[in-house]
Amino acid sequence: MTSLTQRTSGLVQRKTEASRNAAADKEKGSGDEDDEARRGEEEDDDKGDSKETRLTLMEEVLLLGLKDREVICKSDAPTGDVLLDEALKHIKETQPPETVQSWIELLSGETWNPLKLHYQLRNVRERLAKNLVEKGVLTTEKQNFLLFDMTTHPLTNSTIKQRLIKKVQDSVLDKWVNDPHRMDKRVLSLILLAHSSDVLENAFAPLQDDQYDLCMKRVHSLLELEPEKESTKPNVNELMWAVVAAFTK
């Protein structure tokens, strides 16, 4: 009887042990599955991050490619503007061709590269101001700053300025077309370049709050455009989008 009890007790102990081992194996298996699931999620996250990184790098490369493309002069026919004609002459005669970014620096008259000084437009600001003086938009005055006099060009014709501001306002309010390729290219360029110069908000300052908010919302929608993508669409000015990329991206 005693031996039977011992065998029964041993059987119960083995069953208990077996149950414990099975539970442990189950927990271990469940833990392994959880670990595998976590590893799978981490791998998916890594893949997602890697994919996003690759896409971002591709976008940067494409954008870099647009503003760093070489500028080729297709026609040097006179435009009627002295500065534009001089710029075309430089672009046509430059070999090898320079990139959009390089020409922006050269034509602004502010490059410090001594090897390219002969391509640089001279006295750009002064010549632009003189042109506006001749058109009656600005005037010329001398102002004294301590030990020297400085030539300034105050606005004399506010009507032209207000007309230009109204044109910019209308382009993102009453005349908004919700498609940059249907907008006037000069106005679109003016909006984007004025924003990069931090003067665009001045044009919207006189508006009511709701109009101001709407203007800025639509301007931001233009700023979110990808110049590389927009430049590949039919009947576009690729050079314009390359300049936009150089100034806004």
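Residues numbered from 1 in each chain as written. Predicted model: local features only at pLDDT ≥ 70, side-chain atom pairs only at ≥ 80, totals over all residues. Heavy atoms only, no water.

Caption draft 1: Focus on the overall build of the protein chain. On a plain count of helices and strands, the protein chain comes out with 10 helices and 2 strands. Traced from its N-terminal end to its C-terminal end, the protein chain shows the element sequence α-α-α-α-β-β-α-α-α-α-α-α. For the protein chain, the residues scored as buried account for 26% of the 249 residues in total. Sequence-distant contacts in the protein chain: of pairs separated by 6 or more residues, those separated by 24 or more amount to 52%. Carbon and sulfur atoms form 53% of the exposed surface of the protein chain, whose accessible area is close to 18,100 Å². (Helix = DSSP H or I, 4+ residues; strand = E, 2+ residues; numbered from the N terminus. Buried < 20%, exposed > 50% of the residue type's maximum accessible area, 1.4 Å probe, protein only. Contact = heavy atoms within 4.5 Å. Areas by Shrake-Rupley, 256 points an atom, 1.4 Å probe, with all protein chains shown as cover.)

Caption draft 2: Examining the side chain of D170 more closely. Mapped onto the elements, D170 comes out in helix α5 (residues 158–171). In this view, D170 contacts K175 and W176; residues no more than four positions away in its chain are not counted.

Caption draft 3: Spotlight on the pairing of strand β1 (residues 141–145). Where β1 meets strand β2 (residues 148–152), 5 bridges bridge the pair, whose relative direction is antiparallel. Across the sheet, N144 pairs through a bridge with D149, a residue of β2. Linkage of β1 to β2, two consecutive antiparallel strands, is achieved through a turn of 2 residues, within which L146 is found at a positive phi near 55 degrees. (Pairing = 2+ DSSP bridges.)

Caption draft 4: Fine view of the nonpolar core. Grouped together as the largest cluster of nonpolar side chains are 24 residues, with contacts concentrated most on V172, L188, I191, L200, F204, V219 and L222. Of all elements in the fold, only α5, α6 (185–196), α7 (200–204), α8 (209–223) and α10 (238–248) reach the threshold of two or more residues within this core. Every residue in contact with V219, bar those within four places of it in the chain, is listed here: V172, I191, H195, L200 and F204. V100, I104, L106 and A242 belong to the second-largest nonpolar core, a separate cluster that totals 9 residues. (Core = buried A, V, L, I, M, F, W, Y, C linked by side-chain atoms within 4.5 Å.)

Caption draft 5: Layout of the packing of α5 against α6. Two elements in contact, α5 and α6, have axes whose closest approach is 10 Å; the angle formed by their N-to-C orientations is 95 degrees. Relative to α6, α5 is oriented roughly perpendicular. Each of L164, K167, V168 and S171 in α5 lies in contact with α6, whose residues at this interface are V187, L190 and I191. Partitioned by chemical class, the residues of the contact of α5 with α6 number 5 nonpolar, 1 polar and 1 charged. (Axes fitted to C-alpha atoms, helices over the stretch in contact; angles between N-to-C directions. Parallel < 35°, antiparallel > 145°, perpendicular 65-115°, else oblique. Nonpolar A, V, L, I, M, F, W, Y, C, P; charged D, E, K, R; others polar.)

Caption draft 6: Fine view of the pattern of salt bridges. All chains considered together, the criterion is met by 7 salt bridges. D76 serves as the salt-bridge partner of K92, at 2.7 Å between the closest nitrogen and oxygen. Residue K92 is found in helix α2 (residues 82–93), and its partner D76 is found in the loop between α1 (2–67) and α2; the two are separated by 16 residues along the sequence. Residue K92 is classed as partly exposed on the basis of its relative accessible area, which comes to 46%. The residue K233 makes a salt bridge to E230 at a minimum N-O spacing of 3.2 Å. By relative accessible area, which is 5% here, E230 ends up buried. Salt bridges linked by common partners bring R69, E228 and E238 together as one network. (Salt bridge = Lys/Arg side-chain N within 4 Å of Asp/Glu carboxyl O.)

Caption draft 7: Spotlight on α2. Taking 1.5 Å as the rise per residue, α2 with 12 residues should run 16 Å; its terminal C-alpha atoms sit 17 Å apart, in good agreement. Looking at α2, one finds that the buried residues are L83, A87, H90 and I91. In an axial view of α2, the angular spread of the buried residues amounts to 95 degrees, which keeps them on one side of the axis. What points out from α2, more than 90 degrees from its buried face, is the exposed set V82 and E93. (Expected span 1.5 Å × (residues − 1). Arc of directions from axis to C-beta.)

Caption draft 8: Region of the structure containing the environment of E98. Looking at where E98 falls in the secondary structure, it is placed in the loop between α2 and α3 (100–107). Judged by relative accessible area, E98 falls into the buried class, the value being 11%. At 3.5 Å, the side chain of E98 and the side chain of S102 are in polar contact. (Polar contact = N/O pair within 3.5 Å; in protein donor to acceptor, adjacent residues only side chain to side chain.)

Caption draft 9: Structural view of the environment of I104. Secondary-structure assignment places I104 in helix α3. The sequence separation of I104 and F247 amounts to 143 residues, and the corresponding C-alpha distance is 9.5 Å. Setting aside anything within four residues of it in sequence, one finds I104 in contact with V243, A246 and F247.

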